[in-house]
Amino acid sequence: MRLFNSKDCLCSWLVLMFILFVSLDVFARSQPDIGKQEITNFIPKGYKLFDKVYGDLNQDGITDCVLIIKAMHKEGFVTDDDGNVIDRNRRGIIILFNKHDGYEVALKNYDCFSSENEDGGEYGPPELSINIRKGKLYVVYNYGRYGFWSYCFRYQDSDFVLIGFDRSENWGATVFTKKSINFLTGTEYIDKNINSKNPDGKNVFRRKVVKIDRKPLYKLSKIKDFDDLDVLLYWGKAYLKN
């Protein structure tokens, strides 16, 4: 009886690794890559994919998908004073819940965001981004050195409701005012930097707490224009009519 030598062991190991590699490759190919294969099916005619974000939005432990879409309507292209053609088509959002074997639409709002090419005047337009953290959906507008504002939504009653709003007014590292609204508790926090006139000083805030009326939470599917919503929240009108 001949014992296995080192050459026999090496050959057996190579064969085993080859079988394992082939098996893993077949398994990977058999899994539905729904993030790549199916999301385009949910984009309506006349729109294109602008951005996409993944994360669990309904607390089921499964990764869902958020699509930011952009219209491609002919009338959305305008000519500025210098003769340049600018795409002013609006953007929208589609939220897809992962159902293992495919996605299903949880929410759609095709035109709630302005174009990334809107005329922002001297400062330019803010940059829109979508984040998912701890099951919450965040719609964030970043204004660079001038600050940011963001909206926090959570899934509730077959929609995504607005539960929080945050805004920071900055000049570089100096924060002038921070504003935060908790719509669940009906509380507004306003932090003003009492040391903002000292360019070399630290940010020192004095907080004011204001109670606001608790009314039905506003729904993401009903928001017509986030620009209008920001103006209303900034000026203290914390709720819109559904």
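Just so you know, these numbers come straight off a predicted model, no measurement behind them.

**Q** Explain the environment of Glu-169 here, please?
**A** Structurally, Glu-169 is set in strand β10 (residues 159-171). By relative accessible area, Glu-169 is classed as partly exposed at 25%.

**Q** What's the story with the sheet that holds strand β11 (residues 174-182) in this structure? I'm lost.
**A** Strand pairing in a sheet takes place through backbone hydrogen bonds and is either antiparallel or parallel in direction. Taken together, the seven strands give an open sheet; going across it, the order is β7-β8-β9-β10-β11-β12-β13, and neighbouring strands pair in antiparallel fashion. Edge strands, defined here as strands with exactly one partner in the open sheet, are β7 (127-133) and β13 (205-211). Direction aside, the axes of adjacent strands within the sheet are offset by 15° on average. Bridge count between strand β9 (residues 147-156) and β10: 10 bridges; the pairing is antiparallel. Note that in β10 the partner of Trp-149 across the bridge is Arg-167.

**Q** Please explain the side chain of Glu-188 as it appears in this structure.
**A** With respect to the secondary-structure elements, Glu-188 resides in strand β12 (residues 187-193). Among the polar contacts listed, one links the side chain of Glu-188 to the side chain of Lys-179, at a separation of 3.2 Å. When sequence neighbours within four positions are dropped, the list of residues in contact with Glu-188 reads Lys-179, Ser-180, Ile-181, Lys-208, Val-209, Val-210 and Ile-212.

**Q** Help me understand the sheet that holds strand β2 (residues 64-71), please; the structure alone is not making it clear to me.
**A** What the four strands build is an open sheet, ordered β1-β2-β5-β6; its pairing is antiparallel. Two strands lie at the open edges of the sheet, namely β1 (47-55) and β6 (103-113), each paired on one side alone. With strand direction ignored, the average angle separating the axes of adjacent strands in the sheet is 20°.

**Q** In this structure, what is going on with unusual backbone geometry? I would like to understand it.
**A** Glycine aside, a negative phi is what most residues show, and trans is what most peptide bonds show. Of note in the backbone geometry, Lys-134 takes a positive phi value of approximately 50° without being a glycine. Relative to the elements of secondary structure, Lys-134 occurs in the loop between β7 and β8 (136-142). The residue Ser-158 is not glycine, and still its phi comes out positive at about 60°. Within the secondary structure, Ser-158 sits in the loop between β9 and β10.

Reading the values: rules and limits
- Residues numbered from 1 in each chain as written.
- Predicted model: local features only at pLDDT ≥ 70, side-chain atom pairs only at ≥ 80, totals over all residues.
- Heavy atoms only, no water.
- Helix = DSSP H or I, 4+ residues; strand = E, 2+ residues; numbered from the N terminus.
- Buried < 20%, exposed > 50% of the residue type's maximum accessible area, 1.4 Å probe, protein only.
- Pairing = 2+ DSSP bridges.
- Axes fitted to C-alpha atoms, helices over the stretch in contact; angles between N-to-C directions.
- Polar contact = N/O pair within 3.5 Å; in protein donor to acceptor, adjacent residues only side chain to side chain.
- Contact = heavy atoms within 4.5 Å.

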